[in-house]
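Fold and contact review
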Amino acid sequence: MRVEVEINERLSAAFSPRELVVVDDSEAHRGHAGFQEGGESHFNVKIRAQAFEGMSRIARHRAVHSALGKELVGRIHALALDIDV
């Protein structure tokens, strides 16, 4: 399964977001550290969910990383997160 799909499925299941956009931005990092042929190394995620209400920025990031799981996070070189309620 593609990493982009896995990210989408895990975050949808964990947070029931009203908005979720997952973009594989790997090609923009060609020649940089962590780039791998075929992509799936650099991602931008925009997520909006009530589940984040009252959480600090750090708590929101930790919640997303926890929902993705160590194994999946370990396969990603860079993960840019835009998280809000």
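Values in this document were obtained by computation on a predicted structure and should not be read as measured data.

1. Some thoughts on helix α2 (residues 57–68)
- For α2, built from twelve residues, the straight-helix expectation of 16 Å at 1.5 Å per residue is met to within 8% by its first-to-last C-alpha distance of 17 Å.
- Every buried residue belonging to α2 is among Arg60, Ala63, Val64 and Leu68, and all of these are buried. The buried side chains of α2 occupy one side of the element, clustering within an arc of 130 degrees when seen end-on. Of the exposed residues in α2, the ones pointing more than 90 degrees away from its buried face are Ile58, Arg62 and Ser66.
- On its buried side, α2 packs onto α1 (3–15), α3 (70–74) and β3 (78–84).
- Note on α2: the residue one or two positions beyond its end, Gly69, has a positive phi of about 90 degrees.

2. Side note on α1
- Across its 13 residues, α1 extends 18 Å between first and last C-alpha, which sits within 8% of the 18 Å expected from 1.5 Å per residue.
- Within α1 the residues assigned to the buried category are Val3, Glu6, Ile7, Leu11 and Phe15. Down the axis of α1, the buried set is contained in an arc of 125 degrees. They therefore lie on one face.
- Lining the buried residues of α1 we find β1 (19–24), β2 (42–48), α2 and α3.
- A positive phi of about 45 degrees marks Ser16, the residue just after α1.

3. So, the sheet that holds β1
- One open sheet holds the three strands; their spatial order is β1-β2-β3, and the pairing between them is mixed. Both outer strands of the open sheet, β1 and β3, are each paired with one neighbouring strand and no more. Strand-to-strand twist of the sheet, defined as the mean angle between neighbouring strand axes without regard to direction, takes the value 10 degrees.

4. Some remarks on the side chain of Arg48
- Position of Arg48 relative to the elements: it lies in strand β2.
- On the basis of relative accessibility, which here comes to 12%, the residue Arg48 falls in the buried class.
- A distance of 3.0 Å separates a polar side-chain atom of Arg48 from the backbone oxygen of Asp82.
- Sequence-distant contacts of Arg48, that is, excluding residues within four places in its chain, are made with Pro17, Arg18, Glu19, Asp82, Ile83, Asp84 and Val85.

5. Comments concerning the packing of aromatic side chains
- Under the counting rule described, the total for this entry stands at one aromatic pair.
- With centroids separated by 4.7 Å and ring planes inclined at 40 degrees, the aromatic side chains of Phe15 and Phe52 adopt a geometry described as tilted. In this pair, Phe15 is assigned in helix α1 and Phe52 in the loop between β2 and α2, connecting sequence segments 37 residues apart.

So, how was this worked out
Residues numbered from 1 in each chain as written. Predicted model: local features only at pLDDT ≥ 70, side-chain atom pairs only at ≥ 80, totals over all residues. Heavy atoms only, no water. Helix = DSSP H or I, 4+ residues; strand = E, 2+ residues; numbered from the N terminus. Expected span 1.5 Å × (residues − 1). Buried < 20%, exposed > 50% of the residue type's maximum accessible area, 1.4 Å probe, protein only. Arc of directions from axis to C-beta. Contact = heavy atoms within 4.5 Å. Pairing = 2+ DSSP bridges. Axes fitted to C-alpha atoms, helices over the stretch in contact; angles between N-to-C directions. Polar contact = N/O pair within 3.5 Å; in protein donor to acceptor, adjacent residues only side chain to side chain. Phe/Tyr/Trp six-rings, centres within 6.5 Å; stacked < 30°, edge-to-face > 60°.

Coordinates in, geometry out; function isn't part of it.
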